[in-house]
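An overview of the molecular structure
Here is how the chains run, residue by residue.
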Amino acid sequence: GQQVMQIPQYQHVQEGEDFTTYCNSSTTLSNIQWYKQRPGGHPVFLIQLVKSGEVKKQKRLTFQFGEAKKNSSLHITATQTTDVGTYFCAGATTSGTYKYIFGTGTRLKVLA
Amino acid sequence: NAGVTQTPKFQVLKTGQSMTLQCAQDMNHEYMSWYRQDPGMGLRLIHYSVGAGITDQGEVPNGYNVSRSTTEDFPLRLLSAAPSQTSVYFCASSYEGRGAETQYFGPGTRLLVL
């Protein structure tokens, strides 16, 4: 079945350093979403990418969708302690049912 | 708007017991879904619904039943709980579910099956 893998699984950074997480799908996606989950909380929607090669920015966060629509990345510039949490990508299939397959997530810890 | 609400917040069951996890949304969303979250495995789709009266299976449907009699409610039933169903369960909803809308998640239900 379809799989969505994320790397790395964990990342510890010093406050102020940059951070990137990568998402790779075994099949072509119709769109991809990114979520953030704080410890003990629920996933919160960050952004959606739809077009091949799309790049979107939200302040210090930059999201990219690959040309083949099988991979995506989230880059955080100059991390802050408020960035702590687990970042998930979620890919929608192209089967027409639009079931979302979530990646395994990247847990980010920011050291002050 | 309350958004997506889930009850209970915590539940402990014995193997073989049955229970229903409740999910409700007040945003008039057509699409609703249930996920389970296990350590290191992300969120896995259990069942989803694209509207009242319509449900379908996700990645891991075995051991769970759903129904959608109203737009607002989407309960998840565990017929005979097993320790493997120990997990955190999240309900989510979105406006049309055609892959172009935000999914709003509820606060989750933590379930422990002994």
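Our structure's up above, just so we're on the same page.
Scope of this entry: the structure provided in the associated data block.

Once that is clear, we can look at the sheet that holds strand β1 (residues 4-7) of chain B. Residue and element names in this part refer to chain B. Sheet architecture is open: four strands sit in the order β1-β3-β8-β7, paired in antiparallel fashion. In this open sheet, the two edge strands, each paired with only one partner strand, are β1 and β7 (64-66). Strand-to-strand twist of the sheet, defined as the mean angle between neighbouring strand axes without regard to direction, takes the value 20°. Looking at chain direction, β7 and strand β8 (residues 76-78) are connected through three bridges and run antiparallel. Each residue of the ladder has a partner; that of V66, found in β8, is L76.

Given two aromatic rings, their pairing is described by the distance between the two centres and the angle made by the two planes. Residues and elements named next belong to chain B. Using the criterion set out here, one finds twelve aromatic pairs over all chains in the structure. Relative to Y48, the ring of Y31 has its centre 5.9 Å away and its plane inclined at 40°; by these criteria the two rings are tilted. With a gap of 17 residues between them, Y31 in strand β4 (residues 31-37) and Y48 in strand β5 (residues 43-51) connect regions that are remote in the sequence. A relative accessible area of 4% places Y48 in the buried class.

Here the focus is the state of the cysteines. Enumeration according to the criterion identifies two disulfides over all chains in this entry. Paired by a disulfide, C23 of chain A and C89 of chain A hold their sulfur atoms 2.0 Å apart. On the sign convention where negative is left-handed, the bridge of C23 of chain A and C89 of chain A, at about 75° about the S-S bond, is right-handed. Here C23 of chain A, found in strand β3 (residues 19-25), pairs with C89 of chain A, found in strand β9 (residues 85-92); they are 66 residues apart in sequence, far enough to count as distant. Each member of the pair, C23 of chain A as well as C89 of chain A, carries the same accessibility label: buried. Each sulfur of the disulfide joining C23 of chain B and C91 of chain B lies 1.8 Å from the other. An S-S torsion of about -70° defines the bridge between C23 of chain B and C91 of chain B as left-handed.

Tallying the contact residues gives 20 residues for chain A and 23 residues for chain B. When chain A packs against chain B, the two sides together hide about 1700 Å² of surface, and 54% of this comes from carbon and sulfur. One can count zero salt bridges joining chain A with chain B. Seen at the junction of chain A and chain B, the total is two residue pairs in polar contact (both at pLDDT 80 or more). Mapped by element, the contributors of at least two residues to the side of chain A that touches chain B are β4 (31-37), β5 (44-49) and β10 (100-102) of chain A. Tallied by class, residues from the side of chain A that touches chain B come to eight nonpolar, eleven polar and one charged.

Another point: the nonpolar core. The biggest cluster of nonpolar side chains holds 20 residues, and the ones touching the most others in it are W34 and F63 of chain A. Every element with two or more residues in this core is listed here: β3, β4, β5, β7 (61-65), β8 (71-76), β9 and β11 (106-111) of chain A. W34, Y64, C91 and L111 of chain B belong to the second-largest nonpolar core, a separate cluster that totals 18 residues.

All names here are of chain B. For Q6, the location among the structural elements is in strand β1. Q6 sits 76 residues away from A82 along the chain, and the two C-alpha atoms are 21 Å apart. Among all residues touching Q6, those that are not within four sequence positions of it are Q22, W34, Y89, F90, C91, G106, P107, G108 and T109. Within polar-contact distance, the side chain of Q6 engages the backbone oxygen of Y89 at 3.0 Å.

Residues and elements named next belong to chain A. Reading across from one edge, β1-β3-β8-β7-β6 is the order of the five strands in this open sheet, with antiparallel pairing throughout. A single partner strand is all that each edge strand has here, and the edge strands are β1 (4-7) and β6 (55-58). This sheet shows a mean twist of 15° between the axes of neighbouring strands, independent of strand direction. Two elements, β3 and β8, share six bridges in a ladder whose sense is antiparallel. For T20, the partnering residue across the bridge sits in β8 and is H75.

The rules behind each value
Residues numbered from 1 in each chain as written. Chains lettered and ligands numbered in written order. Predicted model: local features only at pLDDT ≥ 70, side-chain atom pairs only at ≥ 80, totals over all residues. Heavy atoms only, no water. Pairing = 2+ DSSP bridges. Helix = DSSP H or I, 4+ residues; strand = E, 2+ residues; numbered from the N terminus. Axes fitted to C-alpha atoms, helices over the stretch in contact; angles between N-to-C directions. Phe/Tyr/Trp six-rings, centres within 6.5 Å; stacked < 30°, edge-to-face > 60°. Buried < 20%, exposed > 50% of the residue type's maximum accessible area, 1.4 Å probe, protein only. Disulfide = S-S within 2.5 Å. Contact = heavy atoms within 4.5 Å. Buried area = accessible area lost by both parts, 1.4 Å probe. Salt bridge = Lys/Arg side-chain N within 4 Å of Asp/Glu carboxyl O. Polar contact = N/O pair within 3.5 Å; in protein donor to acceptor, adjacent residues only side chain to side chain. Nonpolar A, V, L, I, M, F, W, Y, C, P; charged D, E, K, R; others polar. Core = buried A, V, L, I, M, F, W, Y, C linked by side-chain atoms within 4.5 Å.

The values are spatial; any link to function lies outside them.
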